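One-letter residues, chain by chain:
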Amino acid sequence: MASWQMSVVAAFTRLAYQRRFISEEAGLRTLARPKGPSGPPSAIKRRYAVSTSQTHGFDLHRVRPSGPDTGVTVIYLHGGAYTSEIVSQHWALVGHIAARTGHEVAVPIYGLAPDHQGLAALSFVTAVVADLVAEGRRCYLAGDSAGGGLALLAAQAVSGEAGGVAGVTAIAPWLDLSISNPEIDAVEPHDPWLRRPGLRPLAAAWAGSLSLQDPRLSPLFGDLSCLPPVQILVGTRDITLPDCRLLRDRLPSSVPLTYHEKPGALHVYPLLPVPEARPGREAVVTHVQSTTRLTHP
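Description of the structure in this document. What you see as residue numbers is a count from 1 along each chain, following the sequence as written. In keeping with the predicted nature of the model, local features appear solely for residues at pLDDT of at least 70, side-chain atom pairs appear and are counted solely at 80 or more, and the whole-chain, interface and lining totals rest on all residues. Based on all heavy atoms of the structure, the side-chain values leave hydrogens and waters out of the count.

**Topic: the layout of surface pockets**
By volume, the largest pocket is sized at about 870 Å³. Secondary structure elements follow DSSP: runs of H or I no shorter than four residues count as helices, runs of E no shorter than two count as strands, and numbering proceeds from the N terminus. Broken down by secondary-structure element, the contributors of at least two residues to the lining of the largest pocket are helix H1 (4-16), helix H4 (88-101) and helix H8 (196-207). In terms of residues, the lining of the largest pocket owes the most to one element, H1, which gives three residues. Residues of the lining of the largest pocket, tallied by class, amount to 23 nonpolar, 12 polar and seven charged. Cavity and pocket criteria rest on a 1 Å grid covering protein atoms alone: a 1.4 Å probe that fits but cannot get out defines a cavity, protein on both sides within 12 Å along at least 5 of 7 lines defines an open pocket, and an atom within 4 Å of a point defines a lining residue. Grid points are joined across faces, edges and corners, and a volume is the space filled by probe spheres set on the points. Each pocket or cavity is described by its volume, and for the second largest pocket that value is around 270 Å³. Every element with two or more residues in the lining of the second largest pocket is listed here: helix H3 (42-47) and H4. Note on residue categories: nonpolar means Ala, Val, Leu, Ile, Met, Phe, Trp, Tyr, Cys or Pro, charged means Asp, Glu, Lys or Arg, and polar means any other residue, Gly included.

Given below as structure tokens:
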């Protein structure tokens, strides 16, 4: 059963955010909204050592906690339906991961629709992975919503390359840009945030001339056998749930999977101001720690 705080957040979300996705017209308005700032907030800069560089044409922020360098970088990819910038909730999770694991967290600010498209974002993220591996660092990919899908795509893209990635955490990932799973019909009325009509124009802008189910855009259709250990976190009031279950069922037994399905929880619940978020965040930390420990040279 969801907490009363989750119910309050659901009501607020329905009022404040669902209108962005309620119709195709609303989705087009969301797509046209000006982008916000992408730099780390002052709270992150005060607590951590933060460096920013222009890498492959985009900003890359690196957040380092105090203490010895572990040699591991968690690459965090923010959500926002591939059209909205990183926000304070994402930065709070970035700081939490850095503080609790002791690892550096790198935040690539990939280009957003409508000015940028999916293949460019994937190219940027895989280049960041390659650069970090060339520095001698081990990498772990994490992300939420659209960023969770991009994290899985990047892991698929670099599989087989020297270094690769140690693991992936995907929080309510967008796994299929076509949003065509018929099981979504039963979940959508209970999701106070996301609606398919408004998401479709965003997906089309992100895909450009490519099919929405191109495996370079929708990880559900890519090579799942090549993935490193995967962690999925999703709530039952989230239209990404059916595809998360489909990914769970399609992953071969050779890919270690840690799957968390939280009853009553909303989209990207570990980022929300609700009691359920804390065990979700700790689950992320635990998976990062255990997976990077297992892959330590």
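Once you've had a look at it, read on.
**Considering the nonpolar core**
Each nonpolar core is a collection of buried residues, namely Ala, Val, Leu, Ile, Met, Phe, Trp, Tyr and Cys, held together in the definition by side-chain atoms within 4.5 Å. Partly exposed describes any residue whose relative accessible area lies between the buried limit of under 20% and the exposed limit of over 50%, with all areas from a 1.4 Å probe on protein chains only and scaled to the type maximum. By size, the foremost hydrophobic cluster in this structure holds 92 residues, and its most contacted members are Tyr 76, Tyr 110, Leu 141, Leu 150 and Trp 174. Considering each element in turn, this core owes the most residues, eight residues, to helix H6 (residues 146-158). Two residues qualify as a contact provided that any one of their heavy atoms is within 4.5 Å of a heavy atom in the partner residue. If we skip the residues at most four places from it in the chain, Leu 150 touches Leu 77, Tyr 82, Tyr 110, Ala 121, Leu 122 and Val 125.

**Things to note about unusual backbone geometry**
Here the residue pair Ala 113 and Pro 114 is connected by a cis peptide bond, since its omega of 10 degrees sits within 30 degrees of zero. Among the secondary structure elements, Pro 114 is positioned in the loop between strand S4 (104-108) and helix H5 (118-134). In this structure, Tyr 82 takes a positive phi of about 65 degrees despite not being glycine. Along the chain, Tyr 82 falls in the loop between strand S3 (72-77) and H4. Here the phi dihedral of Ala 172 falls at roughly 45 degrees; this positive angle occurs in a residue that is not glycine. Mapped onto the elements, Ala 172 comes out in the loop between strand S6 (168-171) and helix H7 (184-187). According to the relative accessible area criterion, Ala 172 is buried, its value standing at 1%.

**Let's talk about the packing of helix H2 (residues 24-32) against H8**
Convention adopted: a line fitted to C-alpha atoms gives each axis, helices being fitted over their contacting stretch, and angles between N-to-C directions are expressed from 0 to 180 degrees. Where H2 contacts H8, the axes come no closer than 6 Å and their chain directions differ by 45 degrees. By the angle between their axes, H2 is oblique relative to H8. In the packing of H2 onto H8, the handedness of the crossing is right-handed. On H8, the residues that touch Glu 24, Gly 27, Leu 28, Thr 30 and Leu 31 of H2 are Pro 197, Gly 198, Pro 201, Leu 202 and Ala 205. For the contact of H2 with H8, the residue count by class is six nonpolar, three polar and one charged. Every angle not falling under 35 degrees, over 145, or within 65 to 115 is termed oblique; those three ranges are roughly parallel, roughly antiparallel and roughly perpendicular. Note on convention: near helix rotated counterclockwise from far helix by under a right angle means a left-handed crossing. Clockwise means right-handed.

**As for H4**
One less than the residue count of a helix, multiplied by 1.5 Å, gives the span that helix is expected to have. For H4, which comprises 14 residues, the first-to-last C-alpha distance of 20 Å matches the rise-based estimate of 20 Å (1.5 Å per residue) to within 8%. Note on H4: the residue one or two positions beyond its end, Gly 102, has a positive phi of about 80 degrees.

**Looking at the packing of H5 against H6**
Direction vectors running N to C along H5 and H6 enclose 60 degrees, while the axes themselves pass 9 Å from each other. As far as their axial angle goes, H6 and H5 are oblique. The way H5 lies across H6 gives a crossing that is right-handed. Residue-level contacts link Ala 121, Leu 122, Val 125, Thr 126 and Val 129 of H5 to Leu 150, Leu 153, Ala 154, Ala 157 and Val 158 of H6. When the residues that make up the contact of H5 with H6 are grouped by side-chain class, the tally is nine nonpolar, one polar and no charged.

**Remarks on the sheet that holds strand S7 (residues 230-235)**
Strand pairing in a sheet takes place through backbone hydrogen bonds and is either antiparallel or parallel in direction. One open sheet accounts for eight strands, arranged S1-S2-S4-S3-S5-S6-S7-S8; its pairing is mixed. Lying at the two open borders of the sheet, with one neighbouring strand each, are strand S1 (49-55) and strand S8 (257-262). Geometrically, the sheet is characterised by an average inter-axis angle of 15 degrees between neighbouring strands, direction not taken into account. Judged from the four bridges that link them, strand S5 (residues 138-144) and S6 form a sheet pairing that is parallel. The residue bridging Ala 142 from the neighbouring strand is Thr 169, located in S6. In this fold H6 packs onto S3, S5, S6 and S7, with an angle of close to 150 degrees to the strand it touches most, S5. What makes two strands pair is DSSP finding at least two bridges between them.

**Considering the pattern of salt bridges**
Close approach of charged atoms lets side chains of opposite charge pair. Salt bridge, as used here: a side-chain nitrogen of Lys or Arg that lies within 4 Å of a carboxyl oxygen of Asp or Glu. In the structure shown here, the tally under the stated rule is 11 salt bridges. The salt bridge partner of Glu 104 is Arg 64, with a shortest N-O separation of 2.7 Å. Placement of Glu 104 in strand S4 and of Arg 64 in strand S2 (residues 58-64) is noted, with a sequence separation of 40 residues between them. According to the relative accessible area criterion, Glu 104 is buried, its value standing at 2%.

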